[in-house]
Amino acid sequence: MIQNDLFLRTLRGETVERPPVWMMRQAGRYLPEFRALRDQYDFFTRCRTPELVAEITIQPVDIVQVDAAILFSDILVVPQAMGIDIEMKENIGPFIAHPIRNTQDVERVQIPDVSHALGYVMEGIHLTKERLNNRVPLIGFAGAPWTILSYIVEGKGSKNFDIAKAFCFSQPELADQLLQKITDTTILYLKEKVKAGVDAIQLFDSWGGVLSPEDYSTFSWKYSRQIVEALSPLVPTIVFAKGCSFALEQMSQSSVAALGIDWTCQPSLARTLTQGKKVLQGNLDPAWLLASPEQITEKTHQMIRSFGKDLYIANLGHGILPNVPVENARAFVNAVKTFVE
Ligand code: CP3
C-alpha cells in the first residue's frame, strides 16, 4: 500500500536494500518554508489547524526526501488536554504559569476524553494521510510520562530539572499518581492516533538522561513500558530516551520495535546491550550537520557501517538544529540513500 515502506519493513525486522532515514524534529525549525508560516501563526494555532499540520509535516518529505514523515505537533498538547495552561514563549520555549507542585495540583489534572480534547490532532492526521497519498509512512508521537512531568512540575525548560526530581523524590506516591494519569492519557491518545492512521509511534524521553539508572527505572521506564506494551500490538513502537544508554538492556526486554540512540553511545555498545535483537535508530550528533556536506557524507557512511545496514534506521542523535542549512540536511539524507556496503 505505502509506496516507500522501507521504514516499516525495517521496523518489522526484514532485510532491506539500504537503511531508511528521517530526522528527529524534521518538521519545522530549519526550513525557510516553515519559518514563513511561523511568522504568520502562533505555535499552538499551527498545531491545531489541520491544513497547517499537513503542510508542515509534508515539507521535509518534499524538500529533503526523507523516508518517513513525523506529524507536526508537540509533546505538550497532552498535558494541555489534561487541563494545564501552557504557553509557548518566543525564545524561551514552553511556559506554565501554575506548575504542578502539590496534592491539590495533581488532583486538578484530568484524564480527558482524548477524541474530543485532542480531536484536532486526529483531523490533522486524516488530512496529512490524504495529502501524503501513501508516499511514505507517518509517525505519530508522544512525550514519555517522565519528560511531560518534568515540564509541568518545573513550569519551563531546565538544565537539571531539580524541581521535578525533588517532587518525585520527596513525594513518590503523588509522583506516581501524576505519572500514571499521564500514562493513561497517553495510551488513550496514541490509540486514537493509530485509529486515525499513523503507521508507527515514537515516544520522546528527552530528559530521561538526567535521572540515575535506578531512578530512570522507577520514574520513567515503569510508565513508558506500559505505553509500549499497550501500543506494540497495534503498530511498531520506538522509544528515544536521550542519555539513557544505561537502560538499553532493560528497554530491549520489552515489546518495543526500535530504540533511539544518542551520539554519546557507541553503535557497537548499543548492539551488545540490546543483544542484536532490536532495531536501532540514530545517532549522528546533530551538530555534524553544521560541517561541510563532504564531511557529513563521510560521517554518515561511517555511522551506517558501525550500526550495520539491517535492523537500523538512520537518524540524528537528537533533533535537527534550527541553524542547519537545508543543503546539509539533504547531504545527510542522500548519504544514507547512496550507501553501498
Ligand atoms: O519531529 C518533528 O519535527 C515533529 C514536530 C515536533 C515538535 N516538537 C514541534 C515543535 C516534535 C516531535 C516535538 C517534540 C518535542 N517538543 C520534544 C521532544 C523532542 C526533543 O526535541 O527533545 C520536546 C522536549 C518538546 C517541547 C518543546 N516544544 C520545546 C522545548 C520547544 C521550544 C524549543 C524548540 O524546540 O524550538 C517546543 C516548541 C516547538 N515544538 C517548536 C517546534 C517546531 C518550535 C517553536 C515554534 O515553531 O514556534
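Residues numbered from 1 in each chain as written. Predicted model: local features only at pLDDT ≥ 70, side-chain atom pairs only at ≥ 80, totals over all residues. Heavy atoms only, no water.

Peer 1: Hey, could you go over the overall build of the protein for me, with residue numbers and the actual values?
Peer 2: From N to C terminus, the protein includes 16 helices and nine strands. Taken over the C-alpha trace, the protein has a radius of gyration of 19 Å; the compact-globule value for 341 residues is 20 Å, and the two agree within 12%. Projected onto its principal axes, the C-alpha coordinates of the protein cover approximately 60 × 45 × 35 Å. With 341 residues in all, the protein has 58% of them scored as buried. (Helix = DSSP H or I, 4+ residues; strand = E, 2+ residues; numbered from the N terminus. Rg over C-alpha atoms; globule rule 2.2 N^0.38 Å. Buried < 20%, exposed > 50% of the residue type's maximum accessible area, 1.4 Å probe, protein only.)

Peer 1: Give a description of the site of the ligand that names residues and reports values.
Peer 2: The immediate surroundings of the ligand are formed by 22 residues, with Arg25, Arg29, Asp74, Ser206 and His318 found nearest. Within the backbone of Ala27, a nitrogen or oxygen atom sits 2.7 Å from an oxygen atom of the ligand. One of the side-chain N or O atoms of Arg29 is found 2.6 Å from an oxygen atom in the ligand. Summarising the interface, the protein chains cover 86% of the accessible area of the ligand, which totals 840 Å² for the free molecule. Elements represented by at least two residues in the shell around the ligand include exactly α2 (32–38), α3 (43–48) and β3 (93–95). Classifying every residue of the shell around the ligand gives twelve nonpolar, five polar and five charged. (Near = heavy atom within 4 Å. Polar contact = N/O pair within 3.5 Å; in protein donor to acceptor, adjacent residues only side chain to side chain. Areas by Shrake-Rupley, 256 points an atom, 1.4 Å probe, with all protein chains shown as cover. Nonpolar A, V, L, I, M, F, W, Y, C, P; charged D, E, K, R; others polar.)

Peer 1: Describe the pairing of strand β8 (residues 279–284), with residues and values.
Peer 2: Burial within β8 is extensive, with six of its six residues counted as buried. In this fold, strand β7 (residues 258–261) hands off to helix α14 (residues 267–273), which returns the chain to β8; that crossover is right-handed. With five bridges joining them, β8 and strand β9 (residues 312–316) adopt parallel strand pairing. Across the sheet, Leu280 pairs through a bridge with Tyr312, a residue of β9. A crossover links β8 with its parallel partner β9, the connecting element being helix α15 (residues 293–307), and its sense is right-handed. (Right-handed = clockwise from strand over helix to strand, strands pointing away. Pairing = 2+ DSSP bridges.)

Peer 1: Describe unusual backbone geometry, naming the residues involved and giving the relevant values.
Peer 2: Looking along the chain, the bond that leaves Gly282 and enters Asn283 is cis, with omega of -10 degrees. As for its placement among the helices and strands, Asn283 is situated in strand β8. Its identity as a non-glycine residue notwithstanding, Arg25 has a phi of 60 degrees, on the positive side. Along the polypeptide, Arg25 turns up in the loop between α1 (6–11) and α2. Notably, Asn133 is not glycine yet its phi reads approximately 55 degrees, a positive angle. Relative to the assigned elements, Asn133 resides in the loop between α8 (119–132) and β4 (138–143). Residue Asn133 is classed as exposed on the basis of its relative accessible area, which comes to 52%.

Peer 1: Summarise helix α10 (residues 162–170); cite the residues concerned and give the values.
Peer 2: Three or more residues of α10 are buried, namely Ala164, Phe167 and Cys168. Considered in projection along α10, the buried side chains sweep an arc of 90 degrees and stay on one side of the axis. On its buried side, α10 packs onto α6 (103–108), α9 (145–154), α11 (172–196) and α12 (213–231). (Arc of directions from axis to C-beta. Contact = heavy atoms within 4.5 Å.)

Peer 1: Outline the pattern of salt bridges, listing residues and values.
Peer 2: Counting across every chain of the model gives twelve salt bridges. The closest approach of N and O atoms between Glu51 and Arg131, which form a salt bridge, is 3.0 Å. Here Arg131 lies in helix α8 and Glu51 lies in helix α4 (residues 50–63), a separation of 80 residues in the sequence. Accessibility expressed as a relative area gives 43% for Glu51, which makes it partly exposed. Taking the shortest distance from any N to any O, the salt bridge between Lys195 and Glu192 comes out at 3.2 Å. With Lys195 and Glu192 both in helix α11 and three residues apart, the pair spans about one turn of that helix. The exposure class of Glu192 is buried, given its relative accessible area of 18%. What emerges from the salt-bridge pattern is a single network uniting Asp5, Arg9 and Glu17. (Salt bridge = Lys/Arg side-chain N within 4 Å of Asp/Glu carboxyl O.)

Peer 1: Would you mind going over the packing of aromatic side chains in detail, with residue names and values included?
Peer 2: How two aromatic rings sit relative to each other is given by the distance of their centres and the angle of their planes. Inspection of the entire model under this criterion finds nine aromatic pairs. With a centroid separation of 5.8 Å and an interplanar angle of 50 degrees, the aromatic rings of Phe169 and Phe219 are classed as tilted. Residue Phe169 is found in helix α10, and its partner Phe219 is found in helix α12; the two are separated by 50 residues along the sequence. Phe169 gets classed as partly exposed once you look at its relative accessible area, which sits at 44%. With a relative accessible area of 9%, Phe219 lands in the buried category. Each ring, one from Tyr216 and one from Phe246, has its centre 5.7 Å from the other, and the planes form 80 degrees; the classification is edge-to-face. With Tyr216 in helix α12 and Phe246 in the loop between β6 (237–241) and α13 (248–252), this residue pair connects regions lying 30 residues apart in the sequence. Looking at Tyr216, the relative accessible area reads 0%, which means it is buried. Above the ring of Phe95, the side-chain terminus of Lys89 is found at 4.2 Å from the ring centroid. (Phe/Tyr/Trp six-rings, centres within 6.5 Å; stacked < 30°, edge-to-face > 60°. Lys NZ or Arg CZ within 6 Å of the ring centre and 35° of its normal.)

This is a description of form; function is not addressed.
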